[in-house]
Structures are given as structure tokens and as C-alpha cells.
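Chains, contacts and geometry: an overview
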Amino acid sequence: MRRRWLSALLIVLVAMMAFLQYRLWLGEGGRGSVAVLSERVAEQARENEGLQQRNDALAAEVEDLKSGEAAVEERARSELGMIKPGETFYRVVEPEGTAPSVEEPVADGGAP
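Note that the structure is a prediction, hence the values are computed from the model and not measured. (Residues numbered from 1 in each chain as written. Predicted model: local features only at pLDDT ≥ 70, side-chain atom pairs only at ≥ 80, totals over all residues. Heavy atoms only, no water.)

Quick look at the confidence of the model for the protein chain
Model confidence for the protein chain is summarised by a mean pLDDT of 81, while 87% of its residues fall at 70 or above. Averaged pLDDT values for the elements of the protein chain fall to 52 in strand β2 (residues 102–108) and rise to 91 in helix α2 (residues 31–67). (pLDDT = per-residue confidence, 0-100. Helix = DSSP H or I, 4+ residues; strand = E, 2+ residues; numbered from the N terminus.)

Structural data, given as C-alpha cells:
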């Protein structure tokens, strides 16, 4: 009788161990799920780092625009093609298939 009870207990313990091993390796929250989630967390951290760098650059640009004329002037020159009075603006024209070699005056003084 006692031997039968020990056999039943052993079978129950082995079944519980098998169930727990299944959950550890294959079940929800098991090692596979943890590995997938870890990769997603790492990917999100990389994306966040890139976005943080972009935000820092934008914040620096906003600060430059708020603090002085130099940034506004640089942007007006590069994006709007503006020049100061008394300056001569030169545009380099590259003929098809050749290296840049021709300089052509476009405006002399004043805004375009």
C-alpha cells in the first residue's frame, strides 16, 4: 500500500516537473518569449537613441535661432539665397560631363 502511494506521488511529481519545464521553455513568459521581448526592447532603445539625437539637434537649432542673428543669416543665405548689400554672389556652373571650372557672377550687391 505504501509502495503504491509512493509510486503515485512520484508520478505526480514527474508530471508537475514536466509541466513546469514546458512552461519554462515553451509557454507564455518562458525563455522564448523573454528572448523576443529582449530583442524588441533593444531595438526600441536604438530607435529612442536616434530620436534623442535628432531632438537634441533640433533643440540646439531652436536655441541658435532664438539667441542670435548668425543662425538666421546662415539660414537666409543657404535656403533663400539672400546676400548682404555690397556682396557679390557667384554661382558655379558645371557643364555636363566636366569638372566644375566656370564661375558666373549672378548678382552684385543688394538682395536678389
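Once you've had a look at it, read on.
Re the packing of α2 against helix α3 (residues 69–80)
Closest axis-to-axis distance for the α2/α3 pair is 5 Å, and the angle between their directions is 105°. As summarised for this structure, α2 and α3 are arranged roughly perpendicular, according to the angle between their axes. Here E61, D64 and L65 of α2 lie close against α3, whose contacting residues are A71, V72 and R75. Split into classes, the residues belonging to the contact of α2 with α3 amount to three nonpolar, no polar and three charged. (Axes fitted to C-alpha atoms, helices over the stretch in contact; angles between N-to-C directions. Parallel < 35°, antiparallel > 145°, perpendicular 65-115°, else oblique. Contact = heavy atoms within 4.5 Å. Nonpolar A, V, L, I, M, F, W, Y, C, P; charged D, E, K, R; others polar.)

A closer look at a nonpolar patch on the surface
On the surface, a nonpolar cluster with roughly 600 Å² of combined accessible area is contributed by W5, L6, L9, V12, L13 and M16. Along the chain, L13 falls in helix α1 (residues 2–25). We classify L13 as partly exposed; its relative accessible area is 47%. (Patch = residues over 30% accessible without salt bridge, like charges linked within 9 Å, V, L, I, M, F, W, Y side chains within 5 Å. Areas by Shrake-Rupley, 256 points an atom, 1.4 Å probe, with all protein chains shown as cover. Salt bridge = Lys/Arg side-chain N within 4 Å of Asp/Glu carboxyl O. Buried < 20%, exposed > 50% of the residue type's maximum accessible area, 1.4 Å probe, protein only.)

Examining the pattern of salt bridges
By the definition in use, this model includes four salt bridges. Here R77 ties to E87 by a salt bridge, and the two come within 2.8 Å at their closest N and O atoms. You can see R77 sitting in helix α3 and its partner E87 sitting in the loop between α3 and β1 (88–93), a full ten residues away along the chain. By relative accessible area, E87 is classed as partly exposed at 25%. Within this structure, E73, R77, K84 and E87 form a network of salt bridges that share partners.

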